[in-house]
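# Secondary and tertiary structure notes
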Amino acid sequence: MLLLLAFPPILRGQASNEFPKAEKLALFTDRGIYISGEEVHFTAFVTNHATEGLSYLLYAEIIEPDGIKIIGGKFPLIHSAAHGCLTIPSESITGNYYLRVYTKYMRNLGPESFAYVGLKIFNPHKSDLLEGKDTLKVTSGENIEKSLGHILKVSTDKATYFPREKANVTVKTSSSYSGKILGLSISVIPEATAPEIMFNKDTVTRKVDSIRFFPENRGPSLTGVLRDSATKKPEIGARVNLSITGNRIDFQVAKTDKNGHFYFSLPSYSGDRDLFIAPKNIPGKHPKIFVDNDFSTVPIHLYDPIFKVDSSEQSVAFHLAQNFWVRQLFYNDSIRCNKETSKSVTILYKEPSYTLKINKYIQLPTLEAYLDNLPSPVKVRKSHGKKYLKIVNLQPQMDSLDPLVLIDGVAIDDPEKVLALSPTNISRIDVVNIPYKIGDMKYSSIVNIVSKKGDFAGIDLPGSGMFLNYGFLHDNCPCAIMTPDSLNQPDTRNTLYWNPDVDLNSENEIHFSFTTADTPGKYAIVLQGIDADGKSFMK
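Residues numbered from 1 in each chain as written. Predicted model: local features only at pLDDT ≥ 70, side-chain atom pairs only at ≥ 80, totals over all residues. Heavy atoms only, no water.

To continue, consider the overall build of the protein. Looking only at helices and strands, one finds three helices and 36 strands in the protein. Evaluated residue by residue, the protein yields a buried proportion of 52% over its 539 residues. Considering only intrachain contacts with a sequence separation of at least 6, the fraction spanning at least 24 residues in the protein is 76%. Working note: accessible area of the protein is about 25600 Å², and carbon and sulfur atoms make up 50% of it. (Helix = DSSP H or I, 4+ residues; strand = E, 2+ residues; numbered from the N terminus. Buried < 20%, exposed > 50% of the residue type's maximum accessible area, 1.4 Å probe, protein only. Contact = heavy atoms within 4.5 Å. Areas by Shrake-Rupley, 256 points an atom, 1.4 Å probe, with all protein chains shown as cover.)

Here it is in structure tokens:
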């Protein structure tokens, strides 16, 4: 028997005093000043070690100071670290913004527990401005101890370089500090674009007293609540079906809890996929699904300073914009940095036990005629005046169970609606004649009807269901900074070097090199990281 399970982690049902503490995160970016349309490169580390492995997914967002999201993504959190990038929407206007990161489990404590870094974004094509409201400087809740940076010694082979010259860098720590740096990132950037210091509004990791959002310790999750549309009361113990449509289909079933909530643990796909979610038909009731937003929607007001730029920032912003404009004209100077994760991706079935290809046979008037007159394991039977699908030659103990009937991966509870489909809209019928257990539901087999056009063969899908365009892992991440292949190509890099997670070897010494830019000026080597006590530092 093949088991496909869809259930929340073991936290469900635990007493509140048993809930583990939420993660505490440190966040670093490659720069502090960007042009609309550029990528913000970031890295995040879990600083409280007791929570390692609690969450597999990190949420990252660029937001306005009032918490309005302009873009977001999900990134794998592996060995207490995650890194990636978000592309600033090209229509974003000039102003102060924030990058913030959190896990879904941290949402139980609210946005005060998230990690934030300020960003200054310029849009040279728009005169609109996020002007800012706050004139009083607010101290951050997290003190980054710059003094910790003294354990790192940085040296270069020269003090001054010509354009397109190779610069060699050495970073050393003394042997007495061996093992005390647990996370380190390095960037080489124009001096005036130094990244801002990260902060948390909560200075102490608070205890989680109640659970609304479960840890995503296996992959992305989708949660929500099922209510009766008339009474607004939660539907308890109701079945909710979820289908991931497309070339590779997945199907899951969940039952609602005592509050009407449902939970799905999803595969670790990349990019966007269409989902269809619908409750199983409940006679005499009209249930309605409410799906939770992937990202935090709790309001928060962050420090919103009056937008000001000094002469050095104005000059560097001009050069950043110039490089970005040239980059758009000539080429993209970055490559993707997201690697395949170690998490397995599930699929409902790989190979069917039997496939009935409609086009191989003469045209028959109904789908029932194909099933009953051809050597198919799927037959039409009748009970109490209603037709249903029956799989023949099953194991005797499975004969009493119904098959899971799908159309393009979407569950259909009404067999008569399936049999009413026109065969001219159907490409094939896949049959998997082994028992399946999905969540708490057992099925004798799977019958998946595949349409010719991917349009569900024209069937009316359940009216209580809904389609969602769901974002899985973020895959639009050109994070590796590339130098031009030829001297005849312009060098458009605004960040000359970025390593989000440096591995300090046993000799406490690392070496790296980068090619200097075409744009003259002063450049800084910026080191940011965390030590063994979870304290952040910047050098």
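Here the focus is the confidence of the model for the protein. Summary statistics for the protein give a mean pLDDT of 85 and a share of 86% for residues scoring 70 or more. Of all the helices and strands in the protein, strand β1 (residues 2-4) carries the lowest mean pLDDT, 40, while strand β3 (residues 33-35) carries the highest, 98. With pLDDT under 50 throughout, residues 139-143 is counted as low confidence; its partners more than four residues away or in other chains account for eight contacts. Long-range and interchain partners of residues 333-345, a stretch whose pLDDT sits below 50, account for 39 contacts in this model, where long-range means more than four residues apart. (pLDDT = per-residue confidence, 0-100.)

Before going further, it helps to examine the nonpolar core. Among the nonpolar cores identified, the biggest contains 50 residues, and L27, F42, I62, L99, V101, Y116 and L119 are the most heavily contacted of them. Among the elements of the structure, β2 (25-29), β4 (39-46), β5 (57-63), β7 (81-87), β8 (94-102) and β9 (115-122) are those that each provide at least two residues to this core. The element contributing the most residues to this core is β5, with six residues. In this structure, V101 is in contact with L25, L27, F42, A44, L58, Y59, A60, F114 and A115, ignoring residues within four places of it in sequence. Of all hydrophobic cores here, the second largest spans 28 residues; its members include L367, L419, V447 and I449. (Core = buried A, V, L, I, M, F, W, Y, C linked by side-chain atoms within 4.5 Å.)

The subject of this paragraph is unusual backbone geometry. Despite not being glycine, S80 shows a phi value in the positive range, around 65 degrees. Relative to the helices and strands, S80 resides in the loop between β6 (69-76) and β7. When its relative accessible area of 18% is taken as the criterion, S80 is described as buried. Phi is positive for D408, close to 50 degrees, though the residue is something other than glycine. You can see D408 is positioned in the loop between β25 (404-407) and β26 (410-411).

Bringing the sheet that holds strand β13 (residues 181-190) into the picture now. Whenever strands of a sheet pair, they do so through backbone hydrogen bonds, lying parallel or antiparallel. The sheet built from four strands is open, its strands ordered β33-β13-β35-β36 with antiparallel pairing. Unpaired on one side and paired on the other, β33 (497-499) and β36 (536-538) mark the two borders of the sheet. This sheet shows a mean twist of 15 degrees between the axes of neighbouring strands, independent of strand direction. Direction of pairing for β13 relative to strand β35 (residues 523-531): antiparallel, over a ladder of nine bridges. Paired with G183 across the strands is I530, a residue of β35. (Pairing = 2+ DSSP bridges. Axes fitted to C-alpha atoms, helices over the stretch in contact; angles between N-to-C directions.)

The end-to-end C-alpha distance of helix α1 (residues 311-330), which contains 20 residues, comes to 29 Å, matching closely the 28 Å that a straight helix rising 1.5 Å per residue would cover. Burial in α1 covers these residues: E313, V316, A317, L320, A321, N323, F324, V326 and R327. (Expected span 1.5 Å × (residues − 1).)

A few words now on the sheet that holds strand β12 (residues 166-173). Spatially, three strands are ordered β11-β12-β34 in an open sheet, and the strand pairing comes out antiparallel. Looking along the sheet, the strands with just one partner apiece sit at the ends: β11 (152-156) and β34 (509-515). When strand polarity is set aside, the average angle formed by the axes of neighbouring strands in this sheet is 20 degrees. In this sheet, β12 lies alongside β11 in antiparallel orientation, the contact comprising five bridges. The residue of β12 that forms the bridge with S155 is T170.

Applying the stated rule across the entire model yields 17 salt bridges. For the salt bridge of K74 with D294, the shortest nitrogen-to-oxygen distance reads 2.7 Å. Note that K74 is positioned in strand β6 and D294 in the loop between β20 (287-291) and α1, a separation of 220 residues in sequence. For the salt bridge of D304 with K133, the shortest nitrogen-to-oxygen distance reads 3.3 Å. With D304 in the loop between β20 and α1 and K133 in the loop between β10 (129-130) and β11, this residue pair connects regions lying 171 residues apart in the sequence. Judged by its relative accessible area of 7%, D304 is buried. The network of salt bridges with common partners includes D30, R31 and E38. (Salt bridge = Lys/Arg side-chain N within 4 Å of Asp/Glu carboxyl O.)

Moving on, we get to the side chain of R100. Looking at the secondary structure, you find R100 in strand β8. Reaching out from R100, the side chain makes a polar contact with the side chain of Y116 at a distance of 3.4 Å. Excluding residues within four positions of it along the chain, R100 makes contact with L27, Y59, A60, E61, I63, G67, P111, F114, A115, Y116, S296 and I300. (Polar contact = N/O pair within 3.5 Å; in protein donor to acceptor, adjacent residues only side chain to side chain.)

Here the focus is the pairing of β12. When β12 meets β34, the two strands line up antiparallel, connected through seven bridges. Bridging across to β34, V171 finds its partner in I510.

This part covers the environment of A44. Tracing the sequence through the fold places A44 in strand β4. Between the C-alpha atoms of A44 and A115, which are 71 residues apart in sequence, the distance is 8.9 Å. Dropping the residues within four chain positions of it, A44 is found in contact with A26, L27, L58, S80, A81, A82 and V101.

The tally for this structure, following the rule as stated, stands at 15 aromatic pairs. Pairing Y116 with F199 gives two aromatic rings, centres 5.5 Å apart and planes at 15 degrees, and the pair type is stacked. Of this pair, Y116 sits in strand β9 while F199 is found in strand β14 (residues 199-200), placing the two residues 83 residues apart along the sequence. The residues Y116 and F199 share a single accessibility class, namely buried. Between the aromatic rings of Y269 and F472, the centroid separation amounts to 5.4 Å while the plane-to-plane angle is 70 degrees, which identifies the pairing as edge-to-face. Of the two residues, Y269 sits in the loop between β18 (261-265) and β19 (272-279) while F472 sits in the loop between β31 (466-471) and β32 (478-481), which places them 203 residues apart along the sequence. Ring pairing ties together the aromatic residues Y59, Y102, F114 and F295, which thus form one cluster. Here the basic side chain of K120 rests over the ring of F307, its NZ or CZ set 5.6 Å away from the ring centre. (Phe/Tyr/Trp six-rings, centres within 6.5 Å; stacked < 30°, edge-to-face > 60°. Lys NZ or Arg CZ within 6 Å of the ring centre and 35° of its normal.)

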